[in-house]
Amino acid sequence: MTITPTIVSYLYICHRKLWLHAHHLRMESTSELVAEGKLIGKTTYPQRALKWQELDLGIAKIDFFDPKSNTIHEIKKSNKKSFAHNAQVKYYLYLLHKIGILEPTAIIEYPKLRITETVEWDKEEDQDLVESWINQADTIIQGACPDKLPISKCKKCSYFDFCWSGE
């Protein structure tokens, strides 16, 4: 199984969601919240498509990459899951480092909140950290489907109906 940045972010959101996604049970396409997040990403900074490039790394696609500064610009709907967002962009930075891009950085932007967060790549610390996330995710994927989180944490999840129907 290839561990993607999405799977790494799910490591910090819900292990069940990670497992279901990795086993090709995808619910994001039916979620209004996911659609809203994609719309925010496409409409907030329309000039970016002209200025920066999309970068396809095979297991990950970075929507906005500035090759002059080696900077990823990641747009998120809210900062509620900020550690998961940070893990996702750290994994992007890991992938860029692996293909030889020197000193990559990322900026996570929360346009609705009008805040940004800079994420740096520290080869000494971050490489081992990201590789530990990959190993943790792989262990979860290889096991049985994890239990659900408490319902109060699941209300806005795209997998809510899948996990909680019949309850």
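Residues numbered from 1 in each chain as written. Predicted model: local features only at pLDDT ≥ 70, side-chain atom pairs only at ≥ 80, totals over all residues. Heavy atoms only, no water.

Draft legend 1. Structural detail: the nonpolar core. With 38 residues, the main nonpolar core has Ile3, Leu18, Ile72, Tyr91 and Leu96 as its most contacted residues. Contributions of two or more residues to this core are made by helix H1 (5-11), helix H2 (15-22), strand S2 (61-66), helix H5 (82-98), strand S4 (105-110), helix H6 (123-142) and helix H7 (160-164). Considering each element in turn, this core owes the most residues, eight residues, to H5. Contact partners of leucine 96, with chain neighbours within four places excluded, come to Leu55, Leu57, Ile62, Phe65, Ile72, Ile101 and Pro104. (Core = buried A, V, L, I, M, F, W, Y, C linked by side-chain atoms within 4.5 Å. Buried < 20%, exposed > 50% of the residue type's maximum accessible area, 1.4 Å probe, protein only. Helix = DSSP H or I, 4+ residues; strand = E, 2+ residues; numbered from the N terminus. Contact = heavy atoms within 4.5 Å.)

Draft legend 2. Quick look at the environment of histidine 21. Residue placement: histidine 21 occurs in helix H2. The class of histidine 21 is buried, set by a relative accessible area of 10%.

Draft legend 3. View of the packing of H5 against H6. Two elements in contact, H5 and H6, have axes whose closest approach is 10 Å; the angle formed by their N-to-C orientations is 110°. Between H5 and H6, the angle is such that the two are roughly perpendicular. Every pair of crossing elements has a handedness; the one defined by H5 and H6 is left-handed. Where H5 approaches H6, its residues Phe83, Ala87, Lys90, Tyr91, Tyr94, His97 and Lys98 are matched on the opposing element by Lys123, Asp126, Gln127, Val130, Glu131, Trp133 and Ile134. When the residues that make up the contact of H5 with H6 are grouped by side-chain class, the tally is seven nonpolar, two polar and five charged. (Axes fitted to C-alpha atoms, helices over the stretch in contact; angles between N-to-C directions. Parallel < 35°, antiparallel > 145°, perpendicular 65-115°, else oblique. Left-handed = near helix turned anticlockwise from the far one by under 90°. Nonpolar A, V, L, I, M, F, W, Y, C, P; charged D, E, K, R; others polar.)

Draft legend 4. Here's a closer look at the packing of H2 against H6. Running from N to C, H2 and H6 cross one another at 75°; their axes reach a closest spacing of 9 Å. The angle between H2 and H6 falls in the class roughly perpendicular. Here His15, Leu18, Trp19 and Ala22 of H2 come into contact with H6, specifically with Ala137, Ile140 and Ile141. Looking at the contact of H2 with H6 residue by residue, the class counts come to six nonpolar, one polar and no charged.

Draft legend 5. Structural view of H5. Look at H5: 24 Å from first C-alpha to last across 17 residues, which is about the 24 Å you get at 1.5 Å a residue. Extensive coverage of H5 is indicated by the burial of 13 of its 17 residues. Backbone geometry just after H5 places glycine 100 at a positive phi near 95°. (Expected span 1.5 Å × (residues − 1).)

Draft legend 6. The arrangement of the packing of aromatic side chains in detail. The full count for this structure, using the stated rule, is five aromatic pairs. Pairing phenylalanine 83 with tryptophan 133 gives two aromatic rings, centres 6.4 Å apart and planes at 80°, and the pair type is edge-to-face. You can see phenylalanine 83 sitting in helix H5 and its partner tryptophan 133 sitting in helix H6, a full 50 residues away along the chain. Three or more aromatic residues link up through ring pairs in this structure, and these residues are Tyr12, Phe83 and Trp133. A cation over a ring is seen here: lysine 148 above tryptophan 164, with NZ or CZ 4.1 Å from the ring centre. (Phe/Tyr/Trp six-rings, centres within 6.5 Å; stacked < 30°, edge-to-face > 60°. Lys NZ or Arg CZ within 6 Å of the ring centre and 35° of its normal.)

Honestly, it's all geometry; don't read function into it.
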